[in-house]
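Each chain is listed here by its residues.
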Amino acid sequence: MAKIALLPPEISQKIAAGEVIERPFSAVKELVENSLDADASSIRVDLQSGGKGLIRVQDDGGGMSREDALLAFERHSTSKIRQEDDLDHIATLGFRGEALASISSVSRLVLRTSDGGQKAVEVSREGERLLGVKDIAPARGTTVEVRDLFFNLPARLKFLKSDQSELAQVAKFLTSIACAFPGVAFSLSHGARELFSWPRVGTLRERLYQAYGKALIDRLMEVDHSEGPSRLHGFASRPPAGRADRSQQFFYVNRRPVKDRTLLAGLNQAFRPLLEKNLCAEAFLFLAHPLGEVDVNVHPAKSEVRFRDPQAVFRLVLRAVERAALGEGAVKPVVFGRPDAADGSSMKVEERAEARLFGDPFDPARTAEWSKDAFPKPATQEGDLRVLGQYLDMYIVAASEEGLFVIDQHNAHEKVLYEKYKEIKKERAWPRKMALIPLLMDLAPSEVLSLEANRALFEESGFRVEEAGGRTYALKEYPDILKDEEAKRIFLGLLGEVKGEKLGGREDKILATLACKTAVKAGEPLAQAKMEYLVQELFKLPQHSLCPHGRPVLLRIERGQVEHGLRRPSN
Ligand SMILES: Nc1ncnc2c1ncn2[C@@H]1O[C@H](COP(=O)(O)OP(=O)(O)O)[C@@H](O)[C@H]1O
Ligand SMILES: [Mg+2]
């Protein structure tokens, strides 16, 4: 008997829907794209329960006739392309003709639309079934209400995250698409709460101001550079300004928000010589590119593209940023010497070590406390480990009878601090200090949500934040191992990065970040005593070969390898 059978359409449809609609955010994305393709000038999004209960997208665009409103739910039904050739020059956001079919197959959906005629139509569906079609009073544009997303796909339902976290994704998406369409008004509400409402504006700069506030604008530079038929324009960090995480890097190709390696690589490469090593650029960059030179039909969610000539795109980004930075006079002079000598800090090594206070193994006042109470006696299996010296101001070279160790000083210190911080955290609330002057921050909607979702966690980790009116928040207290200037940057970085459901994971992320930011850097010369202390602390740990980020801490060269290499028979 044949083992292979064609799937019934209901099942194949659900499988296909699962590719396009992964979570509430993907449904919002498809619906908002449809509104933009219909030339809406105002789009309102309302959610309930993070979009799991209700997603309503309302626009004032061109709408649909009764006939089209029914056809729109068929799979592969679209008004945006007609023939194969059209795929080579897609100027609309949608083109696959799958979104309405997919969303409606996994939800209870009501569509109300009018194309400006005498009547409007209302179509109700539940999963694959058409429940009803009726005429209603005309109103401009289209409203789609999606209730109970995945009600018939329990497996998918299980993978949805908390309301806050789904909402944050929607807020982030809307913010990014709103930047591509400043001439369209956008608003987002969750239950009774309005998260934002941005009227139409004339420029990207004004939209960025609405979405992020003045502080962002002040640390950006304008980018605008053309090469051949392509143009890259928008805004990126004005060096030395930057951000501790990559959460604010947005790329658009012909106004479509995309995730793209080529664009990202160009950005990273361009900023590498411009920013301190621990900083990333913020970017809102728009590539206008000939439609025939970019394939947008790469991914069911249309979030990736493929360029015919990625090298040319890479170069365009690189040059565009370089030129903008040159124009700003923001290019840093080349620094010779130590790899990390340009890390911006003009403090002397001793001062830096001083500045790292609590829980730092280099802090003599604390050393006794921590090695006495929190840790067992040193028990290295390496026997007598001796520090021979420092190599390239980055590595500590140590040796025992068993072999040689080349230890990455930053990764090792990070590992040691991370373990200590975990101990501290277990025992008490994180020691904190008050900011000397209130550290004001303008937060984007998704950052506000991240703050709200993680407030308790941040408090426990020493970060106390208060509302200061509108989107402005004040960092009032922060972990006492940080300094004023870095506290704000690190906190903003954490807001962008602390995601996901598991509390333990988010907690670890914070501790790992604190450890990373407070550890000695590569390029710092270390005194013998400090190296000895660090090595000793490192080898006390039960696991010492990987840092909290999973990078190797040390390289081990076995005695046998040395002897073999030097042709000396071992005894
Ligand atoms: N908000 C809207 N306003 C006007 N027309 C719409 C709207 N949403 C969907 N449509 C129509 O329904 C069609 C199918 O939509 P969709 O399934 O998203 O496919 P696609 O956007 O890829 O064409 C669209 O091509 C468009 O003609
Ligand atoms: Mg669409």
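Scoring rules and cut-offs
Residues numbered from 1 in each chain as written. Chains lettered and ligands numbered in written order. Predicted model: local features only at pLDDT ≥ 70, side-chain atom pairs only at ≥ 80, totals over all residues. Heavy atoms only, no water. Helix = DSSP H or I, 4+ residues; strand = E, 2+ residues; numbered from the N terminus. Buried < 20%, exposed > 50% of the residue type's maximum accessible area, 1.4 Å probe, protein only. Contact = heavy atoms within 4.5 Å. Areas by Shrake-Rupley, 256 points an atom, 1.4 Å probe, with all protein chains shown as cover. Core = buried A, V, L, I, M, F, W, Y, C linked by side-chain atoms within 4.5 Å. Near = heavy atom within 4 Å. Polar contact = N/O pair within 3.5 Å; in protein donor to acceptor, adjacent residues only side chain to side chain. Nonpolar A, V, L, I, M, F, W, Y, C, P; charged D, E, K, R; others polar. Expected span 1.5 Å × (residues − 1). Pairing = 2+ DSSP bridges. pLDDT = per-residue confidence, 0-100. Axes fitted to C-alpha atoms, helices over the stretch in contact; angles between N-to-C directions.

Trainee: Which residues make up the overall build of the chain, and what are the values?
Mentor: In terms of regular secondary structure, the chain is built from 19 helices and 22 strands. Expressed as a percentage of its 571 residues, the buried residues of the chain come to 51%. The contacts in the chain between residues at least 6 apart in sequence include a share of 69% that link residues at least 24 apart. Of the accessible surface of the chain, which amounts to about 27300 Å², a share of 52% is contributed by carbon and sulfur atoms.

Trainee: Let's hear about the nonpolar core: which residues, and what values?
Mentor: By size, the foremost hydrophobic cluster in this structure holds 63 residues, and its most contacted members are Val-32, Leu-174, Phe-186, Leu-188 and Leu-208. Broken down by element, the residue count for this core peaks at 10 residues, all from helix α6 (residues 163-180). Not counting residues up to four positions away in its chain, the partners in contact with Leu-188 are Val-45, Leu-47, Leu-167, Val-170, Ala-171, Leu-174, Arg-193, Glu-194, Leu-195 and Phe-196. Val-258, Val-296, Val-305 and Ala-320 belong to the second largest nonpolar core, which has 34 residues in total.

Trainee: Can you lay out the site of ligand 1 for me, pointing to particular residues and giving the numbers?
Mentor: The environment of ligand 1 is formed by 18 residues, the closest being Asn-34, Thr-78, Ser-79, Lys-80 and Gly-97. Ser-79 is positioned with one of its side-chain polar atoms (N or O) 2.5 Å from an oxygen atom of ligand 1. Across the complex, the protein chains shield 92% of the 530 Å² of accessible surface that ligand 1 would expose by itself. For the shell around ligand 1, a count of residues per class yields six nonpolar, eight polar and four charged.

Trainee: Tell me about helix α2 (residues 24-37), and name the residues and values.
Mentor: Its 14 residues give α2 an end-to-end C-alpha distance of 20 Å, which sits within 8% of 20 Å, the value for a rise of 1.5 Å per residue. With 12 of 14 residues buried, α2 lies mostly within the body of the structure. Listed as buried for α2 are Pro-24, Ser-26, Ala-27, Val-28, Lys-29, Glu-30, Leu-31, Val-32, Glu-33, Ser-35, Leu-36 and Asp-37. A positive backbone phi angle near 60 degrees is found at Asp-39, which sits one or two residues after α2.

Trainee: Quick one: what's the story with unusual backbone geometry, residue by residue and with numbers?
Mentor: In the segment running from Pro-239 into Pro-240, the intervening peptide bond is cis, with an omega of 5 degrees. Within the element layout of this structure, Pro-240 appears in the loop between β10 (230-237) and β11 (249-253). Although it is not a glycine, Lys-302 sits at a positive phi angle of roughly 60 degrees. Structurally, the position occupied by Lys-302 is in the loop between β14 (294-295) and β15 (306-307). Here the phi dihedral of Leu-392 falls at roughly 55 degrees; this positive angle occurs in a residue that is not glycine. Along the chain, the position of Leu-392 falls in the loop between β16 (386-391) and β17 (395-400).

Trainee: Outline the pairing of strand β8 (residues 193-198), listing residues and values.
Mentor: For a regular strand, the rule is simple: side chains alternate between the two faces of the sheet. The sheet contact formed by strand β7 (residues 185-190) and β8 spans five bridges and is antiparallel. For His-190, the partnering residue across the bridge sits in β8 and is Arg-193. Between β7 and β8, which pair antiparallel in sequence order, lie two residues; one of them, Gly-191, sits at a positive phi of approximately 55 degrees.

Trainee: Any details on the confidence of the model for the chain? Residues and values, ideally.
Mentor: On average, residues of the chain carry a pLDDT of 85, and 89% of them reach 70 or more. Under a pLDDT of 50 for its full length, residues 332-379 has, in the predicted model, 88 contacts with residues more than four places off or in other chains.

Trainee: Account for the sheet that holds strand β22 (residues 554-558), with residues named and values stated.
Mentor: Two strands in a sheet stick together by hydrogen bonds in their backbones, pointing the same way (parallel) or opposite ways (antiparallel). Taking strand neighbours across the sheet as the criterion, the four strands line up as β16-β17-β18-β22 in an open arrangement whose pairing is antiparallel. The open sheet is flanked by β16 and β22, the only strands paired with a single partner. Each neighbouring strand pair of the sheet contributes to a mean axis angle of 20 degrees, computed without reference to strand direction. Pairing geometry for β16 and β17, over five bridges, is antiparallel. Within the sheet, the bridge partner assigned to Val-387 lies in β17 and is Ala-398. Its contacts with the sheet put helix α13 (residues 409-427) on β16, β17 and β18 (403-408), and the angle it makes with β18 is roughly 80 degrees. Most of the contacts of helix α18 (residues 528-540) go to β16, to which it runs at about 115 degrees, and overall it touches β16, β17, β18 and β22.

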